[in-house]
Amino acid sequence: MLVLLPPSESKHVRTRGRPMDLGSLSWPELTTTRERLLDALAEASSRPDAVELLKVSPGLGEEVARNTRLRTAPAVPVAELYTGVLYDALSLATLSSAGRRRATRTLVVASALHGALRLGDRVSPYRLSMSARLPGLGPLAACWRPVLGPVLDAAAGDGLVVDCRSGSYAAAWTPARTERWVRVEVPGATHLAKHTRGLVARALCEHPGRPRGAEQLADALAGEFTVALQRTAKGWALQVGR
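Residues numbered from 1 in each chain as written. Predicted model: local features only at pLDDT ≥ 70, side-chain atom pairs only at ≥ 80, totals over all residues. Heavy atoms only, no water.

Draft legend 1. How the structure looks around the overall build of the protein chain. When helices and strands are tallied, the protein chain shows ten helices and eleven strands. The C-alpha atoms of the protein chain give 18 Å as radius of gyration, which agrees with the globular expectation for 242 residues (18 Å, within 12%). Burial status across the protein chain gives 53% buried among its 242 residues. Once local pairs closer than 6 in sequence are excluded, the contacts in the protein chain between residues at least 24 apart make up 68%. As displayed, the protein chain offers around 10800 Å² of accessible surface, 52% of which is attributable to carbon and sulfur atoms. (Helix = DSSP H or I, 4+ residues; strand = E, 2+ residues; numbered from the N terminus. Rg over C-alpha atoms; globule rule 2.2 N^0.38 Å. Buried < 20%, exposed > 50% of the residue type's maximum accessible area, 1.4 Å probe, protein only. Contact = heavy atoms within 4.5 Å. Areas by Shrake-Rupley, 256 points an atom, 1.4 Å probe, with all protein chains shown as cover.)

Draft legend 2. Quick look at the sheet that holds strand β4 (residues 115-117). Spatial ordering of the open sheet is given by β4-β3-β1-β8-β9-β11-β10, a layout of seven strands whose pairing is mixed. In the strand order of this sheet, the two ends are held by β4 and β10 (226-232), each with one partner. Across the sheet, the axes of successive neighbouring strands diverge by a mean angle of 25°, strand direction being ignored. In this sheet, strand β11 (residues 235-241) lies alongside β10 in antiparallel orientation, the contact comprising seven bridges. Bridged to T226 within β11 is G241. (Pairing = 2+ DSSP bridges. Axes fitted to C-alpha atoms, helices over the stretch in contact; angles between N-to-C directions.)

Draft legend 3. Structural detail: the pairing of strand β3 (residues 107-111). In terms of burial, β3 is a largely internal element, five of the five residues being buried. Neither face of β3 is open: one carries L107, V109 and S111, the other V108 and A110, and all of them are buried. Pairing of strand β1 (residues 2-5) with β3, which is carried by three bridges, proceeds in the parallel orientation. For V3, the partnering residue across the bridge sits in β3 and is L107. Bridging between β3 and β4 involves three bridges; their strand directions are antiparallel. Residue pairing across strands places S111 opposite G115, the latter belonging to β4.

Draft legend 4. Broad picture of the pattern of salt bridges. All chains considered together, the criterion is met by ten salt bridges. Across the salt bridge formed by D39 and R71, the nearest N and O atoms sit 2.8 Å from each other. Separated by 32 residues along the polypeptide, D39 in helix α1 (residues 31-45) and R71 in the loop between α3 (61-66) and β2 (76-77) bring together distant segments of the chain. The class for D39 is partly exposed, based on a relative accessible area of 43%. With a relative accessible area of 40%, R71 lands in the partly exposed category. Of the charged contacts in the structure, one is a salt bridge between E63 and R127, with a shortest N-O distance of 3.0 Å. On the criterion of sequence distance, the pair formed by E63 in helix α3 and R127 in the loop between β5 (122-123) and β6 (133-134) is long-range, its members being 64 residues apart. Where salt bridges share partners, they join E9, E63 and R127 into one cluster. (Salt bridge = Lys/Arg side-chain N within 4 Å of Asp/Glu carboxyl O.)

Put into structure tokens, the structure is as follows:
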């Protein structure tokens with residue numbers, strides 16, 4: 001089973017430590033695309049109109065400037081990198097030992113810069129969303145789609161893909177086995193949706209079993225959430241509430 005999470009725009013920054021090694025990241029097949037986007041991001045971030053180009057507020061100029069130093073900046077483990085509502089609810093540091101092991105095996109974080117990351121990967125804090133366009137590359141989801149497909153389909157195998165990503169990140173990869181694809185939908189405000197998706201990911205990390213189908217997944221979550229499962233033309237939709 002893979003549990004796909006969106007990234008967070010807010011990230012933990014270190015002032016000391018080794019820089020990232022792209023060749024050591026999960027799925028080395030993605031290295032060429034990672035290198036290309038890293039170079040394009042550094043170039044775009046050095047432009048006078050960088051904040052407009054990357055679709056961020058003017059007050060985040062320092063974060064954008066940091067994009068020009070990603071190859072030498074101290075790297076942070078993905079388990080500590082992302083902050084914000086979803087990751088506060090997931091609270092990786094407070095998982096049980098068994099829950100942490102499951103998290104390491106099953107959680108995959110979508111990334112506009114790196115494609116997909118596991119918790120043990122170490123990357124430099126960056127500022128880039130999937131909705132941004134880098135000069136010469138076009139839509140980032142289109143850049144990732146042809147290379148993410150083979151590696152994530154292989155990683156998913158015959159297990160479930162529990163999808164907590166937002167729409168722009170979901171556009172970068174659609175599982176080939178759609179009958180094994182379960183999209184987690186949370187009605188209501190964005191803040192609530194992020195919080196609930198974090199709790200769902202946490203519950204799955206702490207669940208001792210391994211759901212083999214969408215119905216078993218719904219049953220596994222039913223003790224903590226209200227759930228409604230629906231078969232769709234593109235897999236399954238699981239509505240989750242508190």
